[in-house]
Amino acid sequence: MKSREEKQQKTDKAWNELYARLEQDGLLPQADAPVKQHFMQSVPLRWAACIALLLAGTVAAWFIKTNFYAGEDKLLLANEKGKPTLVTTFEDGSIAYLSEQASVEYPRHFAEDSREIYLKGDAFFEVSSNKQRPFVIETQQAWIEVVGTTFNVRSKDNESFSLSVRTGKVKVTSKKSGESVFVTAGQTALLRDDQLRALQTRDFDQFNRYLKFIHFKDQRLSNVVRIINENTDSIQLKISPELGDRLLTVTFHNDSPQTMAQLICLALNLELTVQQNIININQPK
Amino acid sequence: MVMLEDLLILRKIKEGDIKTFESVFRLYYSPLCLYAFSITGRKDIAEEIVQELFYVLWKDRDKLQILHSVKSYLYGAIRNQSLQYCEHVNVRERYKEHQLNAEEQVPDSTPEEMLEYKELEEVINRTLKKLPQRRQAIFRMHRLEGLKYKEIADTLSLSVKTIEAEMTKTYQELRREIEKYTYVL
C-alpha cells in the first residue's frame, strides 16, 4: 500500500500546479494582502486553525488592552484598523459599539453622580437610563450628555464632529465655544467651523453599518440576541431565560439571523427550533 | 446543517485566505481524485476534474454558496463534473480504446502509481460486490458498457428515475468506501 508520504508528495505536486496556475492567471491576493490572514499563519496546526478563529478576536482584544495605557483605575479599549465593530458593555449595562480605530477610556467603576467616558473615533451607543447619573461622553471636540438613548458619534478627525440620535435625547456641548444644542431622535448635531448645529438626519444607514461586521466580546447572550433582534424585522431569536447570562465571544459578518442563531448554538452547544418567524434557542434535552 | 467550522472556512476563503483554501485542497485532494476516478475510470481525467473544481472554486469564491458541508459540496461537484465528462465522450469508445491502450499508458506511470491504480480498481470492485445485484448491473452497464440511462431503463424495463436513484446510491456507497480507504492510508 502506498505510504502516507507518497500520497503527501502527490498532493504537494497537485497543489503546486494549482497554485502556479492561479498565480499565472493573477488570481492570488497581493503580498500586502489582508491583515486578516495573520491569525491563520500563527497557528501551527493548519486544520485546527479554523476552530481557533473564534478565539482570535479575544486574543486581539487582550492584546489591545495590555498594549495601551491604562491609568489608575481607568480602562482603555481600542479597536484596530479593519476589525469588526467591537461591542463592549459597561458596568451600568450601557453598550458601546466601536468602529475600527475607535477607542474608549472609562473608569473601572463609575462615579456616584455621573458616568463619564472618553471617546476617540466613531461609535454607536446604547445608554441605559438613569436620571440621577447622567452619562457623559467626552470627545476631542465636544461633551455629550445623555440620559438614556441610542446614538451614533463620529469624531474620527480633529476638525469635524457629528452625532446622530436614533432614540431619546442628547445634549451636545462644544468644548471650544461652550455652546450647547439638544439633539432628539432623527436629528444630527454637526460641529463644523466651530459652529454647532442640529439638523435632520439623512444617513440612516449609519446605524446599521455597525452590525454588518460585528464582534461581541464576552457579551451576555441576552444582549447579543437583543441586538440581533433589534436589527431584523423578518425573524426573531428567543432564548430560554436561564441562558441569558451565558457569555459569548463571536464575530458575525453580514450573516442572516438564521446563520447567527446556528453559530450561537454551535458555540455554546445549544439547540434551536424554528416556529414560523421565531427561532427558539434552548439547552439540549 | 452547516457546521460552524464550514462557515468559518467558507468565510476565510471568500475573504481571499489562500492558506485556508490550501488546507481544504490538501485534505480532500486524494479522496476526490479517487471518487472522480471511480466514475470516469480515468486517472488523468480524475485529477484534471479535481484541479478544475478547485480552480473555479477559488476564482468564483465570491459567488460560492454552500448549503450543507464543504465536504458534501465538494463530493457533489466532483460527481457532477465526472458524470458530465462521461456524458460528453462516447464512453463505449473510450472504454475500448482505454483497454487497448492500457499497455501504452504504462510507461507514463511509476510502479507506485500502477499499484495504486490497481488498488483503486479493487476498492471499486469490492464496493460493487456489496451492492444489490440490480444496482451492480446498472452501474456496470453505465460505466463499463457506456449505456445511457435511457438505454439501461429500456433494457431492464425500468423507469429512468429508478436508474438515476440506483446510480445515486451507488455513488454514495463508492464515496463511503473511498473515504474509508483514503483515511486508512
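Conventions we followed
- Residues numbered from 1 in each chain as written.
- Chains lettered and ligands numbered in written order.
- Predicted model: local features only at pLDDT ≥ 70, side-chain atom pairs only at ≥ 80, totals over all residues.
- Heavy atoms only, no water.
- Helix = DSSP H or I, 4+ residues; strand = E, 2+ residues; numbered from the N terminus.
- Contact = heavy atoms within 4.5 Å.
- Areas by Shrake-Rupley, 256 points an atom, 1.4 Å probe, with all protein chains shown as cover.
- Buried < 20%, exposed > 50% of the residue type's maximum accessible area, 1.4 Å probe, protein only.
- Pairing = 2+ DSSP bridges.
- Phe/Tyr/Trp six-rings, centres within 6.5 Å; stacked < 30°, edge-to-face > 60°.
- Lys NZ or Arg CZ within 6 Å of the ring centre and 35° of its normal.
- Axes fitted to C-alpha atoms, helices over the stretch in contact; angles between N-to-C directions.
- pLDDT = per-residue confidence, 0-100.
- Salt bridge = Lys/Arg side-chain N within 4 Å of Asp/Glu carboxyl O.

Trainee: Would you mind showing me how to read the overall build of chain A here?
Mentor: Across its full length, chain A holds six helices and 19 strands. Considering only residue pairs separated by 6 or more positions, chain A has 44% of its internal contacts joining residues 24 or more positions apart. Of the accessible surface of chain A, which amounts to about 15400 Å², a share of 49% is contributed by carbon and sulfur atoms.

Trainee: Sorry if this is basic, but what is going on with the side chain of Thr-11 of chain A here?
Mentor: With respect to the helices, strands and loops of the structure, Thr-11 of chain A is situated in helix α1 (residues 4-24). Among the residues examined, Thr-11 of chain A registers a relative accessible area of 5% and is labelled buried. For Thr-11 of chain A, the residues in contact, after removing those within four places along its chain, are Phe-25, Arg-26, Tyr-29 and Ser-30 of chain B.

Trainee: I would appreciate a short explanation of the pairing of strand β10 (residues 161-167) of chain A in the present structure.
Mentor: Here is the key point about a regular strand: its side chains alternate between the two faces of the sheet. Residues and elements named next belong to chain A. Across the seven residues of β10, five count as buried, placing the element largely inside the fold. With five bridges connecting them, strand β9 (residues 150-154) and β10 associate as antiparallel partners. Across the sheet, Val-153 pairs through a bridge with Leu-163, a residue of β10. Relative to strand β13 (residues 187-192), β10 is paired through four bridges, and the arrangement is antiparallel. Pairing of Leu-163 across the sheet is with Ala-189, part of β13.

Trainee: I tried to follow the packing of aromatic side chains on my own but got confused; where do I start?
Mentor: The final tally for this structure, using the stated rule, is 16 aromatic pairs over all chains. On the numbers, 5.9 Å between centres and 55° between planes, the contact of Trp-15 of chain A with Tyr-19 of chain A is tilted. With a gap of four residues between them, Trp-15 of chain A and Tyr-19 of chain A both fall in helix α1, about one helical turn apart. The buried category is assigned to Trp-15 of chain A, whose relative accessible area is 4%. When the ring of Phe-21 of chain B is compared with that of Trp-58 of chain B, the centres are 4.9 Å apart and the planes differ by 45°; the resulting orientation is tilted. Here Trp-58 of chain B lies in helix α3 (residues 43-59) and Phe-21 of chain B lies in helix α2 (residues 18-40), a separation of 37 residues in the sequence. In terms of burial, Phe-21 of chain B and Trp-58 of chain B fall into one category: buried. Grouped by ring-pair contacts, the aromatic residues Trp-15 and Tyr-19 of chain A together with Phe-21, Phe-25, Tyr-29, Phe-54 and Trp-58 of chain B constitute a single cluster. A cation over an aromatic ring shows up here: Arg-21 of chain A above the ring of Tyr-55 of chain B, its NZ or CZ 3.7 Å from the ring centre.

Trainee: Explain the environment of Ala-142 of chain A to me, please; I cannot follow it from the model alone.
Mentor: Residue and element names in this part refer to chain A. Examined against the element boundaries, Ala-142 turns out to sit in strand β8 (residues 142-146). With 35 residues separating them in the primary sequence, Ala-142 and Ser-177 have C-alpha atoms 9.6 Å apart. Sequence-distant contacts of Ala-142, that is, excluding residues within four places in its chain, are made with Ile-137, Phe-161, Val-172, Thr-173, Ser-174 and Lys-175.

Trainee: How should I be thinking about the sheet that holds strand β6 (residues 123-126) of chain A in this particular structure?
Mentor: Hydrogen bonds between backbone groups are what pair the strands of a sheet, and the pairing can be parallel or antiparallel. Residues and elements named next belong to chain A. The strand order across the open sheet formed by nine strands is β14-β13-β10-β9-β6-β3-β2-β15-β17, and the pairing between neighbours is mixed. One side of each edge strand has no neighbouring strand; the edge strands of this open sheet are β14 (195-200) and β17 (247-253). Ignoring strand direction, the axes of neighbouring strands in this sheet form an average angle of 15°. The pairing of strand β15 (residues 213-220) with β17 spans six bridges and is antiparallel. Bridged to Gln-219 within β17 is Leu-248. Sheet strands touched by helix α5 (residues 221-230): β2 (85-89), β3 (95-98), β6, β15 and β17. Its angle to β15, the strand with the most contacts, is close to 145°.

Trainee: I'm lost on the environment of Val-170 of chain A in this one. Help?
Mentor: Residue and element names in this part refer to chain A. Looking at where Val-170 falls in the secondary structure, it is placed in strand β11 (residues 169-174). Taking relative accessible area as the criterion, Val-170 reaches 0% and is therefore assigned buried. C-alpha of Val-170 to C-alpha of Phe-135: the two residues are 35 residues apart in sequence and 9.8 Å apart in space. Non-local contacts of Val-170, meaning those with residues more than four positions away in its chain, are made with Ile-144, Glu-145, Val-146, Thr-149, Phe-151, Leu-163, Val-165, Val-181, Phe-182 and Val-183.

Trainee: What's the story with the confidence of the model for chain B in this structure? I'm lost.
Mentor: In low-pLDDT regions, the fine details of the predicted coordinates are not to be read closely. Residues and elements named next belong to chain B. Mean pLDDT over chain B: 79, with 80% of residues reaching 70 or higher. No element of chain B has a lower mean pLDDT than helix α6 (residues 102-105), at 44, and none a higher one than α3, at 92. In this model residues 102-108 is a low-confidence stretch, pLDDT under 50, and it forms three contacts with partners more than four residues away in sequence or in other chains.

Trainee: I keep staring at the confidence of the model for chain A and nothing clicks. Help me out?
Mentor: Confidence along chain A averages 75 in pLDDT terms, with 81% of residues attaining 70 or more. Below pLDDT 50 for its whole length, residues 32-71 of chain A participates in 50 contacts with residues either more than four positions away or in separate chains.

Trainee: Help me understand the sheet that holds strand β16 (residues 236-239) of chain A, please; the structure alone is not making it clear to me.
Mentor: All names here are of chain A. Ordered by their spatial adjacency, three strands build an open sheet running β16-β19-β18, and the pairing between neighbours is mixed. With one partner strand each, in any of the chains shown, β16 and β18 (271-275) form the two edges of the open sheet. Put simply, the sheet's adjacent strands are angled 25° from each other on average, direction ignored. Pairing geometry for β18 and strand β19 (residues 278-282), over five bridges, is antiparallel. Bridging across to β19, Thr-273 finds its partner in Asn-280. Of the strands in this sheet, β16, β18 and β19 are in contact with helix α6 (residues 257-268), which crosses β19 at around 5°.

Trainee: In this structure, what is going on with the pattern of salt bridges? I would like to understand it.
Mentor: Once their charged atoms are close, side chains differing in charge can pair, the charge on each being opposite to the other. Residues and elements named next belong to chain B. For the structure on display, the rule yields 19 salt bridges over all chains. Across the pair Arg-134 and Glu-166 runs a salt bridge whose closest N-O atoms are separated by 3.0 Å. Placement of Arg-134 in helix α8 (residues 133-143) and of Glu-166 in helix α10 (residues 160-184) is noted, with a sequence separation of 32 residues between them. Here Glu-166 falls in the buried class, since its relative accessible area comes to 8%. Asp-154 is paired through a salt bridge with Lys-150; the nearest N and O atoms lie 3.1 Å apart. One end of the pair is Asp-154 and the other is Lys-150, both in helix α9 (residues 149-156) and four residues apart, which spans about a single turn.

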